[in-house]
Amino acid sequence: MLNIQIKEVESNTVLPIRQKVLRDGKALEFCKMPGDDDNSTIHLGVYFNNVLAGIATLMIDDHPDFSFKNSQLRLRGMAVLPDYQKKQLGNLLLEKAIQIAKSQNYKILWFNAREIAVGFYQKFGFSIKGNVFIIEDVGPHFLMYKSL
Ligand SMILES: CC(C)(COP(=O)(O)OP(=O)(O)OC[C@H]1O[C@@H](n2cnc3c(N)ncnc32)[C@H](O)[C@@H]1OP(=O)(O)O)[C@@H](O)C(=O)NCCC(=O)NCCS
């Protein structure tokens, strides 16, 4: 029987999937993000039959384009291993992230989305704010958010 679980994990646990899916195999140090080890940061892992197949990180970070201050949560490093994509694991991670953000009374969940993933986030009610911008070495992105 299929066994899918979402758990909070340590910051180091998410690095290999970030490395593989988001950082083109670059060294693990390059896969760390500022704020990864803050007490308030939450790293999520989705396990598919006990294999860590996807990850996402939630951290407190105010984006200047939103008027709410001290009530924004940022989603970062969302990734599902290629062999496990299109199995609703990204959906589950996103649902969990929204649930956590709501339960902690944040007003906005936001992130910089890769252009290729915009359609995925729109499916779950996230909106684009502003114009496309380029993140060096990664490519075109959009600021996306959901009011909670
Ligand atoms: C984007 C990503 C996280 C989606 O995870 P996933 O587990 O493959 O997605 P799911 O299976 O949960 O998809 C849920 C729905 O979104 C759709 N979807 C998935 N990826 C999509 C995309 N890139 N564009 C549009 N729709 C997408 C699926 O078809 C599915 O639709 P359905 O419910 O009608 O069948 C994953 O493909 C990934 O890690 N991609 C590479 C890294 C990346 O781009 N990360 C995002 C950085 S901002």
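The sections below set out a description of the structure shown in this document.

Analysis parameters
Residues numbered from 1 in each chain as written. Predicted model: local features only at pLDDT ≥ 70, side-chain atom pairs only at ≥ 80, totals over all residues. Heavy atoms only, no water. Salt bridge = Lys/Arg side-chain N within 4 Å of Asp/Glu carboxyl O. Helix = DSSP H or I, 4+ residues; strand = E, 2+ residues; numbered from the N terminus. Buried < 20%, exposed > 50% of the residue type's maximum accessible area, 1.4 Å probe, protein only. Contact = heavy atoms within 4.5 Å. Near = heavy atom within 4 Å. Polar contact = N/O pair within 3.5 Å; in protein donor to acceptor, adjacent residues only side chain to side chain. Areas by Shrake-Rupley, 256 points an atom, 1.4 Å probe, with all protein chains shown as cover. Pairing = 2+ DSSP bridges. Axes fitted to C-alpha atoms, helices over the stretch in contact; angles between N-to-C directions.

Opposite charge on two side chains allows them to pair when their charged atoms are near. The full count for this structure, using the stated rule, is two salt bridges. One salt bridge in this structure joins D36 and R18, with 2.8 Å as the shortest N-O distance. With D36 in the loop between α1 (11–22) and β2 (42–48) and R18 in helix α1, this residue pair connects regions lying 18 residues apart in the sequence. According to the relative accessible area criterion, D36 is buried, its value standing at 6%. Under the relative-accessibility criterion, R18 is labelled buried at 0%. Ionic pairing is found between R74 and D61, a salt bridge with its closest N-O pair at 2.8 Å. With R74 in strand β4 (residues 72–80) and D61 in the loop between β3 (51–60) and β4, this residue pair connects regions lying 13 residues apart in the sequence. Judged by relative accessible area, which is 12%, R74 ranks as buried.

All right, on to the environment of I42 then. Structurally, I42 can be placed in strand β2. A relative accessible area of 11% means that I42 is categorised as buried. Expressed as a C-alpha distance, the spacing of I42 and A53, which sit eleven residues apart in the sequence, is 17 Å. Among all residues touching I42, those that are not within four sequence positions of it are E8, A56, T57, L58, I100 and Q104.

A word on the side chain of N91. For N91, the location among the structural elements is in helix α2 (residues 89–103). Apart from residues lying up to four places away in sequence, N91 is in contact with F120 and F124.

Right, let's get into the site of the ligand. In the neighbourhood of the ligand, 22 residues make up the surrounding shell, with V80, Q88, G90, N91 and K123 lying closest. A distance of 3.2 Å separates an oxygen atom of the ligand from a polar atom in the backbone of K87. In the model, a nitrogen atom of the ligand is placed 3.5 Å from a nitrogen or oxygen of the F120 main chain. Against a free-state accessible area of 900 Å², the protein chains account for coverage of 76% of the ligand. Every element with two or more residues in the shell around the ligand is listed here: α1, β4, α2, β5 (108–114) and α3 (118–123).

Next up on the list: the sheet that holds β5. Ordered by their spatial adjacency, seven strands build an open sheet running β1-β2-β3-β4-β5-β7-β6, and the pairing between neighbours is mixed. The strands lining the two open edges of the sheet, one partner per strand, are β1 (4–9) and β6 (127–135). Across the sheet, the mean angle separating the axes of adjacent strands is 25° when strand polarity is ignored. The pairing of β5 with strand β7 (residues 139–147) spans seven bridges and is antiparallel. Within the sheet, the bridge partner assigned to A113 lies in β7 and is F142.

The next point concerns unusual backbone geometry. Phi at D24 takes a positive value of approximately 55°, unusual for a residue other than glycine. For N105, which is not glycine, the phi torsion reads 65° and is therefore positive. Structurally, N105 is set in the loop between α2 and β5. Looking at N105, the relative accessible area reads 62%, which means it is exposed.

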